[in-house]
Amino acid sequence: MLVTPDVLAHTSARLPDDVDPQETAEWLDAIEAVLKHGGPERAKFLLETLIAATERGGAKMPGGVTTPYVNTIPVENQPQFPGDRAVERRIKSIVRWNAMAMVLKANKNTNVGGHISTFASAATLYEVGFNHFFHGKSADHPGDVVFFQGHASPGMYSRAFVEGRLDELKLTNFRQELQPGGGISSYPHPWLMPDFWQYPTVSMGLGPIMSIYHARYNRYLRDRGLAQTDKARVWAFLGDGECDEPESLGSISLAGREKLDNLTWVINCNLQRLDGPVRGNSKIIQELEGIFRGAGWNVIKVVWGTDWDELLKNDHTGALSRRMMEVVDGEYCNYVGRDMRTPDEVKTGRLISEEEDAERRGQYIRDTFFNTPELKALVEHLSNKQVAALKRGGHDPLKVFAAYKAATEHKGQPTVILVKTVKGYGIPGDGGQGKFTTHQLKKLTVQVEAVPDMKPEEKAKRQMLAALRQFRERFELPAISDEELEHIPFYRPSADSAEAKYVQARRAALGGPQPFRNNQFVPCRPPERKNFERLYAATIAGKGQSTTLAWVNLMTQLCRDANVGPLLVPIVPDEGQTFGMPPMYKTFGMYSSVGQTYTPVDKGSLSEYRESKTGQILQEGINEAGSMASWIAAGTAYSTHGVNTIPFYIYYSMFGFQRIGDLAWAAADARCRGFLMGATAGRTTINGEGLQHEDGHSHLVAMTIPTCRTYDPAFAYELAVIVEEGINAMYVRGEECFYYLTIYNESYDMPAMPNEDVRAGIIKGLYPVKTVRPEGAKLEVQLLGSGVILNEALRAQGILAEKYGVASTVYSATSYQMLRKDAIECERHNRLHPDAPKKTPYVAQVLGSTKGPIVATSDYMRALPETVAPYLNGRLLALGTDGFGRSETRKALRRFFEVDAENVVVAALYSLFQQGQLDPGTVKKAVAELGISPDSPHPWTV
């Protein structure tokens, strides 16, 4: 590094006026000497010592962590560009064209939407990556994971088309996936395109947080000896506006703390979001730089293109650097998107040519940006057109390549590259380049001279053709003739062309295609049955157990299983104490990339807090979103890394789907496998906790996700059967689904598993537990319960028999979701095959031939058991916990929500009355006898 006048100018660009330039120069000379003879570490030490001494002397040091608004990598440190720039530009122009044509064709007749402008601003960012950095999966490389920005998907499809991976029909059917021959999805959706996309990203903010935890999980796999991931780099592409999402920046400190130098973020700072500027009155690049530096990231800014290098070199006083810092983003947007016509021209509809627009724009920039004699002198040798054409850094492959290379070579920190671009770069016409409407642009129009009596459709056609011609000429695509433009053709260079050969050669050098998803599934060996059998036995009478503790015991056994033990990944968000997990902490350890550098206060105890570099448990802190992102990384490792890791994420059930529901959908889209364990479940089981901790609806939310199989086990043996079935389904048979199980913190006696015959019913969702038939009983009811509330159904069974002489059978409804899924499949088959033998839903097979009404009680909203009511001929009456929670005891809450045994008894007697089998007086008497207040307010209204 040389302390030249321009370096001095740039350094002082953000400081107050220098009162003693000579003294400043002497200090800079001294630092130059230290850097030359002692190296960067010595210089850093001296500066830190000076800062400490200055603060001790009473001077308050500035807290800023930003650098001047110029490129981080000076031109003298730029590496040589290794590619053929001319060929790469032609390839990029072809990709741009096809991406634009795809959206235009899709909207020409169908108006299915799409986005042109995001990829237009980011084309250089992606092309440099595709040609030089994004590794595919090969024999000697695990492949990079790239979280592509969702709105830029047309560019990825266009690239794949040029490579020959997608055909023209697929591009024609963009956003029309149900058309003959198939189509391609709007955004990255692995569920819809399982051999193409790896991770969904267009629910903004999710790609960034998933990328962080994926990069950390790669280290976990390596440190535990499960996969070699050192070569795998995780890339995440996102927009500056996307950084306002809490999930985008919420976990960046983890990446800094964990020194994830296998992670690179590229933030496309085109300064615009949907409605306008991201930070109109300030500078988003500077804001993000400060945030990321503070979080321990390496920050590389790519602000200005090569055209600015000479201007900055001649900026001996720092005036240009200061001006760059002064101008706010809203004004930078104005320089690009401003309508250069005069008010009179706008009013009269007069048009100006591209040349006139460039001339006026250059003059405007000269007048308003280069607004002092000193600044004007810097550009006096440039024409107005040249001033208007000064590029932002994100459109310059030399600058982008330099940033990517520096990021991939940097050690000890994750890197974020802040790249300044123009939204809608190169898009002509109304709503195009730099306009605040460009994000929603679906059609191209350029104003054309009016022709008398021109029909609207003819005018629109002429406007579009004019825009296409401008686009073609801007990016030098002569292979597309004027005659072809009307049809908005796709263009793929011939196989023997320089462009086609270059594309194939570069991808071959990088190991294979991107984006790409591995579909090869290698099943693991099933877990040994003996590890589940401990939960088949009854607990000692009077020494109850909760299903949560049963799960902890099961996990302890399974982690020792020879077949699946090393693959299990327990994940917990700082609630291990609540769930009884501390003994697992000592036995299996919690993963830490640095091991344990301290002595825990509970050293030597049975529940010692043990961190280890080979630890198996992921303890994620108070961070449900981060925990879920880890779960997704683990649950997709079977595809990404060919390792069948089996994640179990345990959390307060209330803080699951309603809090991370978007990530749960992303998990389903990514074809994730694993177990979500909703612990301390239900609306009445958490003594005293109150409204925000009491879950009565997660099963209903979980049912909305097609690949989620939900279960609400009551007994330990049910839990064991479901977990064993889940592991075999997902990791042995290869079924693409994940499981949600609710487990509880209420202890009670666990019965023994009756026999092997109940296994099928547990998995299907319903089986009989107990029948009581009093002597001489003439009335009969069927009682359904699930989770802890099954005990209330069993207690109600006793009351019905002893007090009212009513026979009953109690059933454990382990999964209303599985019952409903089977029922709607049967209904659909019967509806579409009226002449085929009729299929009977499993729930009807179990209950259809039974006598009397059916009463279901649940710790969840009554809508949950009501999902199977249509298939039971109007016999079902459901009780549930509709309403807000309360801070109370379990007994009081169950009475309040009317799901306890006494309310089940009344519901059963009332249902018998409804069927004409009992008189109303008996029901009324029972209400009084059982202490139920008939005029209390509805639980869901108070």
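Residues numbered from 1 in each chain as written. Predicted model: local features only at pLDDT ≥ 70, side-chain atom pairs only at ≥ 80, totals over all residues. Heavy atoms only, no water.

Enquirer: Hey, could you run me through the overall build of the protein chain in this one?
Expert: Helix and strand content of the protein chain: 38 helices and 18 strands. With respect to the three principal axes, the spread of C-alpha positions in the protein chain is 110 × 80 × 55 Å. Across the 942 residues in the protein chain, those meeting the buried criterion constitute 57%. For the protein chain, restricting intrachain contacts to residue pairs at least 6 apart in sequence, the fraction spanning at least 24 positions comes to 77%. When the accessible surface of the protein chain is split by element, carbon and sulfur atoms take 53% of a total near 39000 Å². Between the mean site of the 104 positive side-chain charges and the mean site of the 110 negative ones, the protein chain shows a separation of 3 Å. (Helix = DSSP H or I, 4+ residues; strand = E, 2+ residues; numbered from the N terminus. Buried < 20%, exposed > 50% of the residue type's maximum accessible area, 1.4 Å probe, protein only. Contact = heavy atoms within 4.5 Å. Areas by Shrake-Rupley, 256 points an atom, 1.4 Å probe, with all protein chains shown as cover. Lys, Arg positive; Asp, Glu negative; His and termini not counted. Charge placed at Lys NZ, Arg CZ, Asp CG, Glu CD.)

Enquirer: In this structure, what is going on with the sheet that holds strand E1 (residues 145-147)? I would like to understand it.
Expert: Sheet strands pair by backbone hydrogen bonding; their relative direction is either parallel or antiparallel. What the 5 strands build is an open sheet, ordered E1-E2-E3-E5-E4; its pairing is parallel. The two strands at the open ends of the sheet, each matched to only one other strand, are E1 and strand E4 (298-302). Taking each pair of neighbouring strands and ignoring which way they run, the sheet shows an average axis angle of 15°. Most of the contacts of helix H11 (residues 284-294) go to E4, to which it runs at about 165°, and overall it touches strand E3 (263-269), E4 and strand E5 (415-420). (Pairing = 2+ DSSP bridges. Axes fitted to C-alpha atoms, helices over the stretch in contact; angles between N-to-C directions.)

Enquirer: What am I meant to see in the packing of aromatic side chains here?
Expert: Each pair of aromatic rings is reported with the distance of its centres and the angle of its planes. Under the criterion given, the structure shown has 53 aromatic pairs. Aromatic side chains phenylalanine 130 and phenylalanine 134 sit 5.3 Å apart centroid to centroid with 80° between the ring planes, which places their arrangement in the edge-to-face category. As far as the burial class goes, phenylalanine 130 and phenylalanine 134 line up, both buried. In this structure, arginine 659 packs its charged tip against the face of phenylalanine 655, placed 5.6 Å from the ring centre. One Lys or Arg, arginine 673, reaches over the ring of tyrosine 638 and ends 3.9 Å from the middle of that ring. (Phe/Tyr/Trp six-rings, centres within 6.5 Å; stacked < 30°, edge-to-face > 60°. Lys NZ or Arg CZ within 6 Å of the ring centre and 35° of its normal.)

Enquirer: Just to check I follow, could you spell out the confidence of the model for the protein chain for this structure?
Expert: Low-pLDDT stretches of the model should not have their predicted coordinates read in fine detail. Put simply, the protein chain has an average pLDDT of 93, and 97% of its residues get 70 or more. In the model, residues 1-14 has pLDDT below 50 throughout and makes 27 contacts with residues more than four positions away in sequence or in other chains. (pLDDT = per-residue confidence, 0-100.)

Enquirer: I would appreciate a short explanation of helix H27 (residues 624-635) in the present structure.
Expert: Given 3.6 residues per turn, any residue in an α-helix points the same way as the ones three and four places further on. Helix length check: H27, at 12 residues, gives a terminal C-alpha distance of 16 Å against a target of 16 Å (1.5 Å per residue), a fit within 8%. For H27, the buried fraction is high: 12 of the 12 residues fall into the buried class. Every buried residue of H27 is accounted for by Glu624, Ala625, Gly626, Ser627, Met628, Ala629, Ser630, Trp631, Ile632, Ala633, Ala634 and Gly635. Regarding H27, its N-cap is asparagine 623, as a side-chain oxygen of that residue lies 3.4 Å from the backbone nitrogen of alanine 625 further along. (Expected span 1.5 Å × (residues − 1). Polar contact = N/O pair within 3.5 Å; in protein donor to acceptor, adjacent residues only side chain to side chain.)

Enquirer: Would you mind showing me how to read the environment of arginine 462 here?
Expert: Relative to the assigned elements, arginine 462 resides in helix H20 (residues 456-474). Through-space distance from the C-alpha of arginine 462 to that of glutamine 447 is 8.8 Å; in sequence the pair is 15 residues apart.

Enquirer: Help me understand a nonpolar patch on the surface, please; the structure alone is not making it clear to me.
Expert: On the surface, a cluster of nonpolar side chains totalling about 300 Å² of accessible area is made up of Trp27, Leu47 and Leu50. With respect to the helices and strands, the residue leucine 47 is situated in helix H3 (residues 40-56). (Patch = residues over 30% accessible without salt bridge, like charges linked within 9 Å, V, L, I, M, F, W, Y side chains within 5 Å. Salt bridge = Lys/Arg side-chain N within 4 Å of Asp/Glu carboxyl O.)

Enquirer: What should I look at first to understand the pairing of E3 in this one?
Expert: Along any regular strand the residues' side chains alternate between the sheet's two faces. Where burial is concerned, most of E3 is hidden: 7 out of the 7 residues are buried. Neither face of E3 is left uncovered, since the one carrying Leu263, Trp265, Ile267 and Cys269 and the one carrying Thr264, Val266 and Asn268 both have all their residues buried. As defined by bridge partners, strand E2 (residues 234-239) adjoins E3 across 6 bridges and the pair is classed as parallel. Across the sheet, alanine 236 pairs through a bridge with tryptophan 265, a residue of E3. Sheet topology note: the E3/E5 ladder contains 6 bridges and is parallel. Within E5, the residue paired with asparagine 268 across the bridge is valine 419.

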